[in-house]
Amino acid sequence: MLRRYLDNLKQHFAGTQGKEEIIADIENNGLRLTSFEGLDTHVAATSLSLSDDPHIFDAAAVILVTVKSADTAEIAELLARHAPPDAVIVSLQNGVGNVAVLRRLLPGRRVLAGMVPFNVIALGDGRFHRATSGDTVIERDEGDTAARLSVHGLPVRPTDNIVGVQWGKLLVNLNNALNALSDLPLREQLAQRPWRKLLADQMAEALAAMKAEGIKPVSATPIPPGLTPYLLKMPDRLFELILGRAMKIDAKARSSMWQDLQRGTRTEIDYLQGVIVQLADRHGLDVPLSRRVVALIKSAEAAGKRSPALTPDRIRN
């Protein structure tokens with residue numbers, strides 16, 4: 001599947017700062033893709049072009065930008081120097097501001113916004129495991145890039161409201177920080193009502209800030225955004241009965257922010273809860289929980305000691 005995907009798009013895996021380990025891992029082991037749905041496929045390293053040299057972009061037809069939000073400007077400058085003028089650039093990043101940065105630094109280029117709903121874990125030995133469900137979404141364009149990117153088992157859907165989709169994903173991503181602070185597997189964390197109530201209260205703050213800004217998020221799940229905080233607070237058994245089928249999560253799943261704390265790398269907290277704080281400040285709203293989570297993540301970053309393994313009560317207080 002992946003081999004045909006790469007052949008169709010004439011893509012290359014390209015490394016930026018901090019990606020040398022991933023390149024070495026795949027060169028030594030090949031690329032093994034697995035998922036909670038049972039996928040298990042291996043692609044030999046000789047079938048891929050792996051490099052951290054920006055000249056690898058020279059012949060690219062489609063470029064998927066997946067760097068951290070803080071690195072968006074840096075990758076845009078590399079693309080401006082090396083990517084063909086007609087290459088399609090697709091941002092598959094967390095947050096809501098990356099496409100604006102790419103378009104500002106890449107004037108005249110076709111830059112598309114996208115959203116990846118699922119979680120991927122690097123398990124070592126060249127293995128990358130998809131641990132949650134959902135289809136990738138990108139904004140609709142005349143070249144039908146969504147259809148070009150779609151393959152069997154990994155569909156990409158077009159949308160006419162990618163801004164709403166991205167804000168809806170940001171709501172879901174508010175749990176990234178909670179999962180990082182908890183040091184629990186994602187499924188175990190969300191199975192506990194105190195953690196879900198904490199997420200629900202964060203979402204309520206975010207929805208109030210978005211409403212003040214005139215933003216209408218599109219849910220990343222089958223549940224409407226305004227209803228989600230109420231459903232999250234349901235007793236465990238009722239929550240599992242109603243939402244268990246809609247939220248397919250592998251027992252191995254952890255948030256990307258948890259992985260950042262484990263590796264001692266910079267998180268994207270400023271582009272998630274930090275954005276909600278900025279909106280709230282602009283409209284004179286009180287978002288104490290969002291501020292608290294930002295402070296706790298930054299403290300954990302500074303300590304460099306991995307996840308602090310906090311409880312919901314310690315996060316609230």
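Our subject is the structure that appears above.
Quick caveat, the model's predicted, so the values are computed rather than measured.

### A look at the nonpolar core
Counting residues in hydrophobic clusters, the biggest one holds 49 residues, and the most contacted among them are Leu-170, Leu-174, Met-210, Ile-276, Val-293, Ile-297 and Ile-315. Among the elements of the structure, helix H6 (162-182), helix H7 (186-190), helix H8 (193-213), helix H9 (228-232), helix H11 (256-263), helix H12 (273-283) and helix H13 (288-303) are those that each provide at least two residues to this core. Sort the elements by how many residues they give to this core and H8 lands first, with nine residues. Core analysis: the next-biggest nonpolar cluster, separate from the first, contains 21 residues, Phe-57, Ala-83, Val-137 and Val-165 among them.

### Details of the sheet that holds strand S8 (residues 120-124)
Strand order in the open sheet formed by four strands is S3-S2-S9-S8, with mixed pairing between adjacent strands. Each having just a single partner strand, strand S3 (40-43) and S8 make up the two edges of the open sheet. Sheet twist, expressed as the mean angle between neighbouring strand axes with direction ignored, is 20 degrees. Examined bridge by bridge, strand S2 (residues 31-35) and S3 share four bridges and lie antiparallel to one another. Among the inter-strand pairings, Leu-33 is bridged to a residue of S3, identified as Thr-41.

### Here's the deal with the sheet that holds strand S6 (residues 88-91)
Sheet architecture is open: five strands sit in the order S5-S6-S7-S10-S11, paired in mixed fashion. Each end of this open sheet is capped by a strand with a single partner; those strands are strand S5 (62-65) and strand S11 (156-159). Here the strands of the sheet are splayed against their neighbours by 30 degrees on average, with no regard to which way each runs. As paired strands, S6 and strand S7 (residues 110-115) are joined by four bridges and run parallel to one another.

### Considerations on the pairing of S2
Consecutive side chains along a regular strand alternate between the two faces of the sheet. Of all five residues making up S2, four are buried, and the element is well covered by its neighbours. Where S2 hands over to S3, the hairpin turn is made up of four residues, of which Gly-38 adopts a positive phi near 110 degrees. Bridge analysis of S2 against strand S9 (residues 127-130) gives four bridges, and the strand direction is parallel. Note that in S9 the partner of Ser-35 across the bridge is Arg-130.

### Here's the deal with helix H4 (residues 98-105)
Taken together, the buried positions of H4 are Asn-98, Val-99 and Leu-102. Seen from one end, H4 has its buried residues packed into an arc of 95 degrees, which puts them on one side. In this structure, H4 carries Ala-100 and Arg-104 as exposed residues pointing more than 90 degrees from its buried face. Against the buried residues of H4 lie S5, helix H3 (72-82), S6, S7 and H6.

### What to know about the pairing of strand S10 (residues 136-139)
Covered by surrounding structure in S10 are Thr-136 and Ile-138 together with Val-137 and Glu-139, the residues of both alternating faces. Of the pairings in the sheet, the one linking S10 to S11 comprises four bridges and is parallel in character. Across the sheet, the residue bridging to Ile-138 is Pro-158, located in S11.

### Topic: the pattern of salt bridges
Across all of its chains, the model carries 15 salt bridges by this definition. Arg-266 serves as the salt-bridge partner of Asp-71, at 3.1 Å between the closest nitrogen and oxygen. One end of the pair, Asp-71, is in the loop between S5 and H3; the other, Arg-266, is in the loop between H11 and H12, with 195 residues separating them in the sequence. Looking at Asp-71, the relative accessible area reads 22%, which means it is partly exposed. Residue classification places Arg-266 among the exposed positions, given a relative accessible area of 51%. With its nearest N and O atoms 2.8 Å apart, the salt bridge here joins Arg-316 to Asp-201. Within this pair, whereas Arg-316 is found in helix H14 (residues 312-316), its partner Asp-201 is found in helix H8, the two being separated by 115 residues in sequence. By relative accessible area, which is 39% here, Arg-316 ends up partly exposed.

### Concerning the packing of aromatic side chains
A complete count under the given rule lists zero aromatic pairs for this structure. The ring of Phe-118 carries Arg-130 above its face, with NZ or CZ at 4.1 Å from the centroid. Looking at Arg-254, its charged tip hangs above the ring of Trp-258, at a distance of 4.3 Å from the centre.

The rules we used
- Residues numbered from 1 in each chain as written.
- Predicted model: local features only at pLDDT ≥ 70, side-chain atom pairs only at ≥ 80, totals over all residues.
- Heavy atoms only, no water.
- Core = buried A, V, L, I, M, F, W, Y, C linked by side-chain atoms within 4.5 Å.
- Buried < 20%, exposed > 50% of the residue type's maximum accessible area, 1.4 Å probe, protein only.
- Helix = DSSP H or I, 4+ residues; strand = E, 2+ residues; numbered from the N terminus.
- Pairing = 2+ DSSP bridges.
- Axes fitted to C-alpha atoms, helices over the stretch in contact; angles between N-to-C directions.
- Arc of directions from axis to C-beta.
- Contact = heavy atoms within 4.5 Å.
- Salt bridge = Lys/Arg side-chain N within 4 Å of Asp/Glu carboxyl O.
- Phe/Tyr/Trp six-rings, centres within 6.5 Å; stacked < 30°, edge-to-face > 60°.
- Lys NZ or Arg CZ within 6 Å of the ring centre and 35° of its normal.

Just distances and angles here, no functional claims.
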